[in-house]
Amino acid sequence: MEDGWFTGFADELAECLVDAGRCADICERLLQDVQRDGDAATQKQVVDAVVAPTAVARVLIDMIEQPPEFVLAAARLCRDTSRDAAEALRGLDVAQAILALETCAQSCDRLLDAAR
């Protein structure tokens, strides 16, 4: 990794990584809860919605030591999958997960804007 490639936007990067981790944690709990308590249709809807953003958020966190273009590409993918998941979950009683996904997407947006 280039030393300090994120110097001009370290706060945005830190916030993005924290929000991505929080989002992944909340989505993983939702997956566990729905597997335990949900009907088959709800299970499918939740799994289809949150598996990708959960995985991408974890990858984004792990990629911090990679070149900036990889980290920023992961941030774009995290933003997009989080937005899609939040929309797919609307109508379910999963407000905490929707908020976490939306917050993660917004943090990724701020990082990407700052990196331009």
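To start, this report covers the structure provided alongside it. (Residues numbered from 1 in each chain as written. Predicted model: local features only at pLDDT ≥ 70, side-chain atom pairs only at ≥ 80, totals over all residues. Heavy atoms only, no water.)

It is at 8 Å that the axes of helix α1 (residues 10-37) and helix α4 (residues 95-115) come closest, and there the two elements cross at 155°. Comparing the axis directions of α1 and α4 gives the class roughly antiparallel. Between α1 and α4 the crossing geometry is left-handed. Two secondary-structure elements touch here, α1 through Glu12, Leu13, Glu15, Cys16, Asp19, Ala20, Cys23, Ile26, Cys27, Arg29 and Leu30 and α4 through Gln96, Ala97, Ala100, Leu101, Thr103, Cys104, Ser107, Cys108, Arg110, Leu111 and Ala114. (Axes fitted to C-alpha atoms, helices over the stretch in contact; angles between N-to-C directions. Helix = DSSP H or I, 4+ residues; strand = E, 2+ residues; numbered from the N terminus. Parallel < 35°, antiparallel > 145°, perpendicular 65-115°, else oblique. Left-handed = near helix turned anticlockwise from the far one by under 90°. Contact = heavy atoms within 4.5 Å.)

Turning our attention to the pattern of salt bridges. What the rule picks out here adds up to 13 salt bridges. Here arginine 58 makes a salt bridge to aspartate 25, at a shortest N to O gap of 2.4 Å. One end of the pair, arginine 58, is in helix α2 (residues 40-62); the other, aspartate 25, is in helix α1, with 33 residues separating them in the sequence. Note that aspartate 80 is salt-bridged to arginine 79, the shortest N-O span being 2.9 Å. For aspartate 80, a relative accessible area of 33% puts it in the partly exposed group. Note on arginine 79: relative accessible area 14%, which makes it buried. A cluster of three or more residues bridged by salt bridges with shared partners is formed by Arg79, Asp80, Arg83 and Asp109. (Salt bridge = Lys/Arg side-chain N within 4 Å of Asp/Glu carboxyl O. Buried < 20%, exposed > 50% of the residue type's maximum accessible area, 1.4 Å probe, protein only.)

The subject of this paragraph is helix α3 (residues 68-89). For an α-helix, 3.6 residues make a turn, and residues three or four places apart therefore share a direction. Look at α3: 31 Å from first C-alpha to last across 22 residues, which is about the 32 Å you get at 1.5 Å a residue. Turning to α3, its buried residues number three or more, namely Pro68, Val71, Leu72, Ala74, Ala75, Cys78, Arg79, Thr81, Ser82, Ala85, Ala86 and Leu89. For α3, the elements touching its buried residues are α1, α2 and α4. Looking one or two residues past α3, glycine 91 carries a phi angle of roughly 100°, positive in sign. (Expected span 1.5 Å × (residues − 1).)

For the rest of this paragraph, the subject is the nonpolar core. One finds Val50, Leu60, Leu89 and Leu101 to be the most contacted residues of the largest nonpolar core, which totals 37 residues. The dominant element in this core, judged by the number of residues it contributes, is α1, at eleven residues. The residues touching leucine 89, leaving out its near neighbours within four places in the chain, are Leu30, Val46, Ala49, Val50, Val94, Ala97, Ile98 and Leu101. (Core = buried A, V, L, I, M, F, W, Y, C linked by side-chain atoms within 4.5 Å.)

Mapped onto the secondary structure, serine 82 falls in helix α3. Its relative accessible area of 0% is what places serine 82 among the buried residues.

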